Every structure is written in C-alpha cells, then in structure tokens.
Amino acid sequence: MPLALLALAIGAFGIGTTEFVIMGLLPEVAADYGVSIPTAGFLVTGYALGVVLGAPLMTVLGTRIPRKRMLMLLMGLFIAGNVLSALAPAFGIMLAGRVVASLAHGAFFGIGAVVAAELVVPEKKAGAIAMMFTGLTVANVVGVPLGTLVGQTLGWRITFLIVAALGVLGLLGIARLVPELPRPEGGVRIRREVAAFRNVQVLLAMAMTVLGFGGVFAAITYITPMMTNVAGFAGSSVTWLLVLFGLGMVAGNLIGGRYADRALMPMLYVSLGALAVTLALFTLTAHSKAGAAVTVVLIGALGFATVPPLQKRVLDQAAGAPTLASAVNIGAFNLGNALAAWLGGLVIAAGLGWTAPNWVGAALAASALVLALLSGALERRTAGRAAGGRAAAVTEPAAARPAAPEPAGCAAARH
C-alpha cells in the first residue's frame, strides 16, 4: 500500500469524525443552546448542504493548484471551521462553523479519490479508493464514539477542539507523505470537466448516491433519541452502538472495494436491495436491544458497501475528466445525508414516532435500487448495440465491400 493512501486516510479520519460525531451529541448541543432536537438536526443538514456546495466550488477554485497543495489548503479550511464550531457562543454561529468545515469535505474526498486511483494500477482503483475511505469508516469506530463520550462527559466543545487537532495531524500527513503528482495534460479544463455531466450514467450514479446514502442517514441521524426512547438504551450506551455502526462501515467499505473491481453493478444490486429491507425491518427491531444492535451493524455495512462502487462508477463514466465529477459525487453522498436528516425530522415532528425515519430510509434505498437496475439495463442495451454494429461489419457481404487492390505481381502474370 502506498504511504500516500495512509496520509489520505488520516485526513479522511478527521473529516469523518466531525461529520458523524454531531449525531451522538445532538441532545447535548440542543440543551446548551436551548433548541429542540429536530432544530439541532440542522447542524447535520447544514454540514451536508455545505459539502454539496463546497464540492464543485472548491474543486473549480483549485483547478490551477497542484492537487497536493489543494488538499493541504482544504485541511486548513476544515481546521478553521471546527475551531469556530467549538468556540461558537450562539447556535447560528456554530451552524456557520459547521458549514465552513464542510466546504472542504467534498473537494477533499473528490480530489483524494482521483489521487488514490492514480497511485495504483487500473485493476486496483476501487480498492485504493476504499483504502482512503477506510479513514472515514474507522472514524466511526474510534473517532465518533470517543468524541461522543468526551462530549457527554467533558462537554461537546472539547470534542470539536479535538477534531480540529485531528485536522492538523491530517495536514501534516499530507504534507509529508502525498507525492507531487503531475498535473493532467493541459491542466484541469472546466469545460471538459462539466461535459462529463452530459453522460446519463454519471447522473444516474450520482442519483443512486443521493438516495442510497440518504437511506442510511434517515435512520442514523436520529439514532440517539431512537435508541434511548424506543430500544431502552441508556444515553451512554449510544457510544457503543456507534462503534457497532462504525465496524459495519469498515467491513462494508472494504468488501465493496474488493468486489467493485470484479462485479460492480451486481455489488450495487445486492447492497441496495438488502439495505432497503434492513431499514424497513429496523422499525421492528428497534424495539429490542439485541435486534437494534444487529441492525445498526447491518445498516453500516450495507450502506458503505455502496461507496467504492459508486465512486468508481463515476470515475469510469467520467473518464478523461474525473476531478469535478468525483468531487460532486462526494457532495451527492452528503445531499443524501441532508435530505434524509430533513425528511427524518419532518416525520418525527409530525408525531409519527422515533422509528418513522426508518421507513423514509427504506423508501430512499429502494428508489436507489430501481435506478441501479435502470443504469444496468441501459448499459447492457448500449453494449448490445455496439456488439451488433461490430457483428454487422464483420458479416457484411463481400459484394457490398470495395474490391481489394490486386497485387501487382498477380496482374502482371495474367498479361
């Protein structure tokens, strides 16, 4: 494994911690600022929308900057946002800090995925992308639970200061380990990058990202109130549930990376279909401590098994101009996060119960499966037409073809 992948994983670890730790601290933050839990959920939604905006914006702004230097600048922005969140005297200022930190997220993972893919041979691209995203998933095993524990015992502000320190570590790792890769021939041309979005398969992959990832976070955004009010867990037990979710994420991410290099679309069919069923069942299993714990692991595994194949599919379909498409697809993951957090808050506020977001998640994942099946069918049809055209060219009647020029020696022999 190239050491540069380790550096990217370190940065991803810090970003993953700040993205997900807020979910375990919503009650503490809401109580501190005197707002409701659904209102505190805007800290999730605001971060996610910031990623959606920041992904294309920061990528475009960084087109003339070498990728290594851009990754370092993004980590600096991430550090500043987390410090602002930790010191915010009012809810609105903390929300602004979350948005500032989020602006770095999409471009970091988008550019980082391109860099990771360039560091290995073509047949190992999905595995390299998965290795970078391992930092994100390990954050949910180590960073998020510890951050939640620290926030519940020492105060949530300390958690965000620690996250800022993680950003400093990621910045140093990138500076030390990521090589200065040559820039694409002719540089990153915005017109060529934007042209990738005319490919219907790129758009379908991004829509699958929004809906599939949204399915995961419809349930996980409100895991703390769901597990304490429905399953009967103590508030401190949520930390261990987040560990289980993180372990599922790590396993699913690595499995998805391994099989995406072998059978990408079948991997998506299986993971999205199983995710939809699991989320629907969570409305029942959430009433049992053991059932809830097992389901949380499965949601993490099935949800993150889709990450490497979806990211690789975007890179493959946008070949030749992958940077912006890769970053925007990271934004699509977070658009799904924002959509799910908003819809989950709506059904809770409507009085449908703490498990109602699970039905929202199941519907979103099922919709992603439908799009995956449509994408696969379109791809097979296109491949079939191409094969038919080649076969027609091979079997074209000899009379219809122009006569091949006769060798000079043969013509002279006849005269």
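Since this is a predicted model, take the numbers as computed values, not measurements. (Residues numbered from 1 in each chain as written. Predicted model: local features only at pLDDT ≥ 70, side-chain atom pairs only at ≥ 80, totals over all residues. Heavy atoms only, no water.)

1. Digging into the nonpolar core
Logical step 1: Ile22, Met94, Phe109, Met227, Phe282 and Ile299 are the most contacted members of the largest nonpolar core, which has 113 residues in total.
Logical step 2: Excluding its chain neighbours within four sequence positions, the residues that come into contact with Ile299 are Val216, Ala219, Ile220, Phe245, Leu275, Thr278, Leu279 and Phe282. (Core = buried A, V, L, I, M, F, W, Y, C linked by side-chain atoms within 4.5 Å. Buried < 20%, exposed > 50% of the residue type's maximum accessible area, 1.4 Å probe, protein only. Contact = heavy atoms within 4.5 Å.)

2. Here's the deal with empty space enclosed by the protein
Logical step 1: Scanning the entire structure with this criterion turns up three cavities of 30 Å³ or more.
Logical step 2: When its volume is computed, the second largest cavity comes out at roughly 80 Å³.
Logical step 3: Taken together, Glu19, Phe20, His105, Phe109, Phe133, Leu136, Phe213, Phe304, Val307, Ile330, Phe333 and Asn334 make up the lining of the second largest cavity.
Logical step 4: Mapped by element, the contributors of at least two residues to the lining of the second largest cavity are helix 1 (3-33), helix 5 (91-118), helix 6 (125-153) and helix 15 (322-349).
Logical step 5: At three residues, the largest contribution of residues to the lining of the second largest cavity is made by helix 15. (1 Å grid on protein atoms, 1.4 Å probe; cavity = no way out; pocket = protein on both sides within 12 Å on 5 of 7 lines; lining within 4 Å. Points joined across faces, edges and corners; volume = space filled by probe spheres on them. Helix = DSSP H or I, 4+ residues; strand = E, 2+ residues; numbered from the N terminus.)

3. Focus on the pattern of salt bridges
Logical step 1: Evaluated as defined, the whole model comprises two salt bridges.
Logical step 2: For the salt bridge of Asp32 with Arg157, the shortest nitrogen-to-oxygen distance reads 3.7 Å. Within this pair, whereas Asp32 is found in helix 1, its partner Arg157 is found in helix 7 (residues 156-177), the two being separated by 125 residues in sequence.
Logical step 3: Since its relative accessible area comes to 43%, Asp32 is described here as partly exposed.
Logical step 4: Residue Glu379 is joined to Arg313 by a salt bridge in which the shortest nitrogen-to-oxygen separation is 3.4 Å. You can see Glu379 sitting in helix 16 (residues 356-394) and its partner Arg313 sitting in helix 14 (residues 307-317), a full 66 residues away along the chain. (Salt bridge = Lys/Arg side-chain N within 4 Å of Asp/Glu carboxyl O.)

4. What to know about helix 6
Logical step 1: In a regular helix each residue adds 1.5 Å, so 29 residues correspond to 42 Å; helix 6 covers 41 Å between its end C-alpha atoms and thus fits that length.
Logical step 2: Downstream of helix 6 by a residue or two, Gly155 has a phi angle that is positive, lying close to 115 degrees. (Expected span 1.5 Å × (residues − 1).)

5. Concerning the packing of helix 11 (residues 238-260) against helix 13 (residues 289-304)
Logical step 1: As a packed pair, helix 11 and helix 13 sit with axes 7 Å apart at the nearest point and diverge in direction by 35 degrees. Helix 11 and helix 13 meet at a crossing whose hand is right-handed. Residues Leu241, Leu244, Phe245, Gly248, Met249, Gly252 and Asn253 of helix 11 lie in contact with helix 13, whose contacting residues are Ala293, Val296, Val297, Ile299, Gly300, Ala301 and Phe304.
Logical step 2: Of the residues in the contact of helix 11 with helix 13, the class split is ten nonpolar, four polar and no charged. (Axes fitted to C-alpha atoms, helices over the stretch in contact; angles between N-to-C directions. Left-handed = near helix turned anticlockwise from the far one by under 90°. Nonpolar A, V, L, I, M, F, W, Y, C, P; charged D, E, K, R; others polar.)

6. Things to note about the packing of aromatic side chains
Logical step 1: Under the definition given, this model contains eight aromatic pairs.
Logical step 2: Judged by centre distance (5.1 Å) and plane angle (50 degrees), the rings of Phe213 and Phe217 are tilted. Taken together, the residues span about one helical turn, with Phe213 and Phe217 both in helix 9 (residues 200-220) at a distance of four residues.
Logical step 3: Using a relative accessible area of 4% as the deciding quantity, one classes Phe213 as buried.
Logical step 4: The class for Phe217 is buried, based on a relative accessible area of 0%.
Logical step 5: Between Phe213 and Phe304, the aromatic rings sit 5.1 Å apart at their centres with planes inclined by 65 degrees, giving edge-to-face as the arrangement. Of this pair, Phe213 sits in helix 9 while Phe304 sits in helix 13; the two residues are 91 residues apart in sequence, bridging distant segments of the chain.
Logical step 6: Taking NZ or CZ as reference, Lys289 lies 5.7 Å from the ring centre of Phe233, over its face. (Phe/Tyr/Trp six-rings, centres within 6.5 Å; stacked < 30°, edge-to-face > 60°. Lys NZ or Arg CZ within 6 Å of the ring centre and 35° of its normal.)

7. Looking at the environment of Gly214
Logical step 1: Structurally, Gly214 is set in helix 9.
Logical step 2: For Gly214, a relative accessible area of 0% puts it in the buried group.
Logical step 3: Through-space distance from the C-alpha of Gly214 to that of Gly303 is 9.3 Å; in sequence the pair is 89 residues apart.
Logical step 4: Excluding residues within four positions of it along the chain, Gly214 makes contact with Thr209, Gly336, Asn337, Ala340 and Leu364.

8. Side note on the environment of Val51
Logical step 1: When you line up the elements, Val51 lands in helix 3 (residues 42-61).
Logical step 2: C-alpha separation for the pair Val51 and Val99, spaced 48 residues apart in sequence, amounts to 7.8 Å.
Logical step 3: Those residues within four positions of Val51 in sequence are excluded, and the remaining contacts are Ser102, His105, Gly106, Ile330, Gly331 and Asn334.

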